[in-house]
Amino acid sequence: MNNKNKKSLMALPQVIGVGQGLKEIGGVTTEQKAIIVLVKRKLPLDQLKKHQLVPKTLNGTVTDVIEVGDMQAFSAGNPAYAILSYPRRMRPAAPGVSIGHYLTTAGTFGAVVYDRKSGQPLILSNNHVLANSSNGRDRRAKIGDLILQPGAIDGGSTSADGIARLKKYVALNEYPTRNHVDCALAQPLNNELIIPEILEIGLVRGTETAKIGMNVKKTGRTTGLTTGRIRAVNVELNVGYGRGRTLNFQNQILTTNMSAGGDSGSLVLEENNRAVGLLFAGSGQATLLNPIQTVLSLLDIEF
């Protein structure tokens, strides 16, 4: 799909994203390649004007309109909404538990990663979990800020639950400037405060490029261990960041619904524990990931 076609689809009033995937018919995935067109809600054709309709094909490739709901960055909004016990305090802390910048609610400790130059173990999660959704100029966060485990909404306090300091983050660009990741790092106050085994999953065993139809899993603060399937890759999508703020993301990965608020920052892996993506947004119908290779490259880290 060329940029012209992508731009024309994104200009349609009901469209929030586009990507590459396989045609689905009656909920069953076929082998036919398709341009995936993402909408908050499918509207009856009689409610759309002719120029607002998604074309059935573009340059010989069929389109498939998928309803994904209201896609939002997934910070925790309710301390009671946790299916398992991962909002709790844990020492040493393992990936999968609640964590957050002292001014945010909570997200998920995604993985232990290592600085490529020094070998220092670090905590990987999202910018909006560890750096308070900062664009780098807004003073929402600064390097050295205290990180709590559990996050503040789960009872974490600056006096008793500090586990790390904000080490590095990729700034979130304001719309319409594009984003490719929502990621950040924190350095533990003591290396013995964290362990690398992801709860219910175990150790990360390298990385894998996302493929349509791939089965994936994650452990998150809110919904614990869940599984899903990759529905689309090379996704461009507009994502809500609260208070009317919308950010544009390019080259993302869309999966079936496998998360809820508070699961942001979870590492998503394929069946053999190879990392595929970093979970950062979703709805009740779909989940959105940053490709893990992009995250590792921009933060200069490795597993």
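Check the entry above for the structure.
Computed from a predicted structure; not experimentally measured.

What counts, and at which threshold
Residues numbered from 1 in each chain as written. Predicted model: local features only at pLDDT ≥ 70, side-chain atom pairs only at ≥ 80, totals over all residues. Heavy atoms only, no water. Helix = DSSP H or I, 4+ residues; strand = E, 2+ residues; numbered from the N terminus. Rg over C-alpha atoms; globule rule 2.2 N^0.38 Å. Buried < 20%, exposed > 50% of the residue type's maximum accessible area, 1.4 Å probe, protein only. Contact = heavy atoms within 4.5 Å. Areas by Shrake-Rupley, 256 points an atom, 1.4 Å probe, with all protein chains shown as cover. Lys, Arg positive; Asp, Glu negative; His and termini not counted. Charge placed at Lys NZ, Arg CZ, Asp CG, Glu CD. Polar contact = N/O pair within 3.5 Å; in protein donor to acceptor, adjacent residues only side chain to side chain. Phe/Tyr/Trp six-rings, centres within 6.5 Å; stacked < 30°, edge-to-face > 60°. Pairing = 2+ DSSP bridges. Arc of directions from axis to C-beta.

Draft legend 1. The overall build of the chain, seen in detail. Within the chain, the regular secondary structure consists of three helices and 20 strands. For the chain, the C-alpha radius of gyration of 19 Å lies close to 19 Å, the compact-globule estimate for 303 residues. Considering only C-alpha atoms, the chain reaches an extent of 60 × 40 × 40 Å along its principal axes. Burial analysis of the chain (303 residues in total) assigns 56% to the buried set. Long-range contacts, defined as pairs at least 24 residues apart, comprise 68% of the intrachain contacts of the chain with a sequence gap of at least 6. Looking at the chain as shown, the accessible area adds up to about 13,100 Å², and 49% of this sits on carbon and sulfur atoms. For the chain, the centre of its 34 positive side-chain charges and the centre of its 23 negative side-chain charges are spaced 6 Å apart.

Draft legend 2. A look at the environment of serine 259. Within the fold, serine 259 resides in the loop between β16 (246-256) and β17 (267-270). Placed 14 residues apart in sequence, serine 259 and arginine 245 show a C-alpha to C-alpha distance of 21 Å. Setting aside its immediate chain neighbours within four residues, serine 259 contacts Phe74, Lys218, Thr223, Leu279, Ser283 and Thr287. Here threonine 287 takes part through its side chain, which lies 2.7 Å from a polar atom of the side chain of serine 259.

Draft legend 3. Local environment of unusual backbone geometry. Of note, the bond from arginine 91 into proline 92 is cis; its omega dihedral lies within 30 degrees of zero at -5°. In this fold, proline 92 is placed in the loop between β5 (72-73) and β6 (98-101). Note that the residue after tyrosine 175, namely proline 176, is joined by a cis bond; omega there is 10°. For glutamate 200, which is not glycine, the phi torsion reads 65° and is therefore positive. When you line up the elements, glutamate 200 lands in the loop between β13 (184-188) and β14 (215-220). Overall, the relative accessible area of 48% leaves glutamate 200 in the partly exposed class.

Draft legend 4. Fine view of the packing of aromatic side chains. Tallying each qualifying case throughout the model produces two aromatic pairs. Arranged with centres 4.6 Å apart and planes meeting at 45°, the rings of phenylalanine 249 and phenylalanine 280 form a pair that is tilted. Of this pair, phenylalanine 249 sits in strand β16 while phenylalanine 280 sits in strand β18 (residues 275-282), and the two are 31 residues apart along the sequence. In this structure phenylalanine 280 comes out as buried when scored by relative accessible area, which is 0%.

Draft legend 5. Highlighting the pairing of β14. Summarising burial for β14: five of the six residues are buried, a large majority. Both β14 and strand β15 (residues 224-240) contribute to a ladder of six bridges, which runs antiparallel. Counted as the bridge partner of lysine 217 is threonine 227 from β15. Turn length for the β14-β15 hairpin, with the two strands adjacent in sequence and antiparallel, is three residues.

Draft legend 6. Summary view of the sheet that holds strand β8 (residues 111-115). Spatial ordering of the open sheet is given by β7-β6-β10-β11-β13-β9-β8-β20, a layout of eight strands whose pairing is antiparallel. Strands at the two margins of the open sheet, each flanked by one partner only, are β7 (107-108) and β20 (301-302). Bridging between β8 and β20 involves two bridges; their strand directions are antiparallel. Residue pairing across strands places aspartate 115 opposite isoleucine 301, the latter belonging to β20.

Draft legend 7. The arrangement of helix α3 (residues 292-299) in detail. Where α3 is concerned, the buried positions are Ile292, Val295, Leu296 and Leu299. Considered in projection along α3, the buried side chains sweep an arc of 95° and stay on one side of the axis. Two residues or fewer after α3 comes aspartate 300, characterised by a positive phi angle close to 60°.

Draft legend 8. Summary view of the side chain of serine 133. If you trace the backbone, serine 133 turns up in the loop between α2 (127-130) and β10 (146-148). Here serine 133 falls in the buried class, since its relative accessible area comes to 9%.

All we've got here are geometric facts, nothing functional implied.
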